[in-house]
Amino acid sequence: MDELVGPRLYSCCNCRNHVCLHDDIISKAFQGRNGRAFLFSHAMNIVLGPKEDRQLMTGLHTVADVHCGDCDEVLGWKYERAYEETQKYKEGKFIFEKSKIVKENW
């Protein structure tokens with residue numbers, strides 16, 4: 001009998017709460033605060049911090065930190081607004097730092 005395999009997920013490194021799907025990765029070529037980061041189109045089981053303007057490598061953005069919905073670990077941020085036209089594609093998307101998420105169902 002074939003084994004039922006669910007979607008490939010990423011979980012919080014601290015508590016294993018499922019926070020994003022592998023299929024929602026837009027890019028793996030991003031830089032986070034602590035190294036490599038992935039850009040995702042969606043996230044789940046997270047809580048957003050307050051919005052703030054932050055000067056990032058690609059210019060000024062309004063972002064909100066992404067916290068794990070279970071343990072409150074900061075996992076990355078959500079792009080709320082991009083001020084430069086070439087960066088508008090990031091609006092509404094999520095950055096998860098590679099060091100803060102672990103693979104599940106791989």
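Residues numbered from 1 in each chain as written. Predicted model: local features only at pLDDT ≥ 70, side-chain atom pairs only at ≥ 80, totals over all residues. Heavy atoms only, no water.

Student: I keep staring at the UniProt feature "domain: Yippee" (unreviewed entry) in the protein chain and nothing clicks. Help me out?
Tutor: The UniProt record marks residues 8-105 with the feature "domain: Yippee" (unreviewed entry), using the residue numbering of this structure. End-to-end, the C-alpha atoms of residues 8-105 are 5 Å apart, and along that stretch the chain is 0% helix and 61% strand. (UniProt positions renumbered as here; feature names shortened; annotations may be inferred. Helix = DSSP H or I, 4+ residues; strand = E, 2+ residues; numbered from the N terminus.)

Student: Mind showing me how you'd approach the pattern of salt bridges here?
Tutor: Pairing between side chains of opposite charge can happen when the charged atoms of each approach one another. This structure, assessed with the given rule, holds 6 salt bridges. Note that Arg33 and Asp65 form a salt bridge whose closest N and O atoms lie 2.6 Å from each other. Note that Arg33 is positioned in the loop between strand E3 (25-32) and strand E4 (35-40) and Asp65 in strand E6 (residues 59-68), a separation of 32 residues in sequence. For Asp65, a relative accessible area of 18% translates into the label buried. (Salt bridge = Lys/Arg side-chain N within 4 Å of Asp/Glu carboxyl O. Buried < 20%, exposed > 50% of the residue type's maximum accessible area, 1.4 Å probe, protein only.)

Student: Would you explain the side chain of Lys100 in this entry?
Tutor: With respect to the secondary-structure elements, Lys100 resides in the loop between strand E8 (94-97) and strand E9 (101-104). A polar contact of 2.7 Å, which involves the side chain of Lys100, links it to the side chain of Glu73. Other than its neighbours up to four places away in sequence, Lys100 contacts Ser11, Cys12, Cys13, Asn34, Glu73, Val74 and Leu75. (Polar contact = N/O pair within 3.5 Å; in protein donor to acceptor, adjacent residues only side chain to side chain. Contact = heavy atoms within 4.5 Å.)

Student: Looking at this structure, how should I read the nonpolar core?
Tutor: Grouped together as the largest cluster of nonpolar side chains are 13 residues, with contacts concentrated most on Tyr10, Phe40, Phe96 and Ile101. Within the residue set of this core, elements represented by two or more residues are strand E1 (9-12), strand E2 (18-21), E4, E6 and E8. When neighbours within four sequence positions are excluded, Tyr10 is seen to be in contact with Asn17, His18, Val19, Cys20, His22, Ile25, Phe38, Phe40, Ile101, Val102, Lys103 and Trp106. Leu39, Leu56, Tyr79 and Ile95 belong to the second largest nonpolar core, which has 8 residues in total. (Core = buried A, V, L, I, M, F, W, Y, C linked by side-chain atoms within 4.5 Å.)

Student: I'm lost on the side chain of Ser11 in this one. Help?
Tutor: Of note, Ser11 is situated in strand E1. The residues contacting Ser11, other than those within four sequence positions of it, are Arg16, Asn17, His18, Val19, Lys100, Ile101, Val102 and Glu104.

Student: How should the sheet that holds E2 be read in this particular structure?
Tutor: By definition, the strands of a sheet pair up through backbone hydrogen bonds, in either a parallel or an antiparallel sense. Across the sheet, which stays open at both edges, the 3 strands sit in the order E2-E1-E9 with antiparallel pairing between neighbours. Edge positions in the sheet fall to E2 and E9, since each has one partner strand and no second. On average, each strand axis in the sheet is tilted by 35° relative to the strand beside it, whichever way the strands run. With 3 bridges connecting them, E1 and E2 associate as antiparallel partners. (Pairing = 2+ DSSP bridges. Axes fitted to C-alpha atoms, helices over the stretch in contact; angles between N-to-C directions.)

Student: Is there a simple way to explain the environment of Ser27 in this structure?
Tutor: Summarising the element assignment, Ser27 is placed in strand E3. Beyond its immediate chain neighbours, meaning those up to four positions away, Ser27 contacts Ala37, Phe38 and Leu39. Within the structure, Ser27 has its side chain in polar contact with the backbone nitrogen of Ala29 (distance 3.0 Å).

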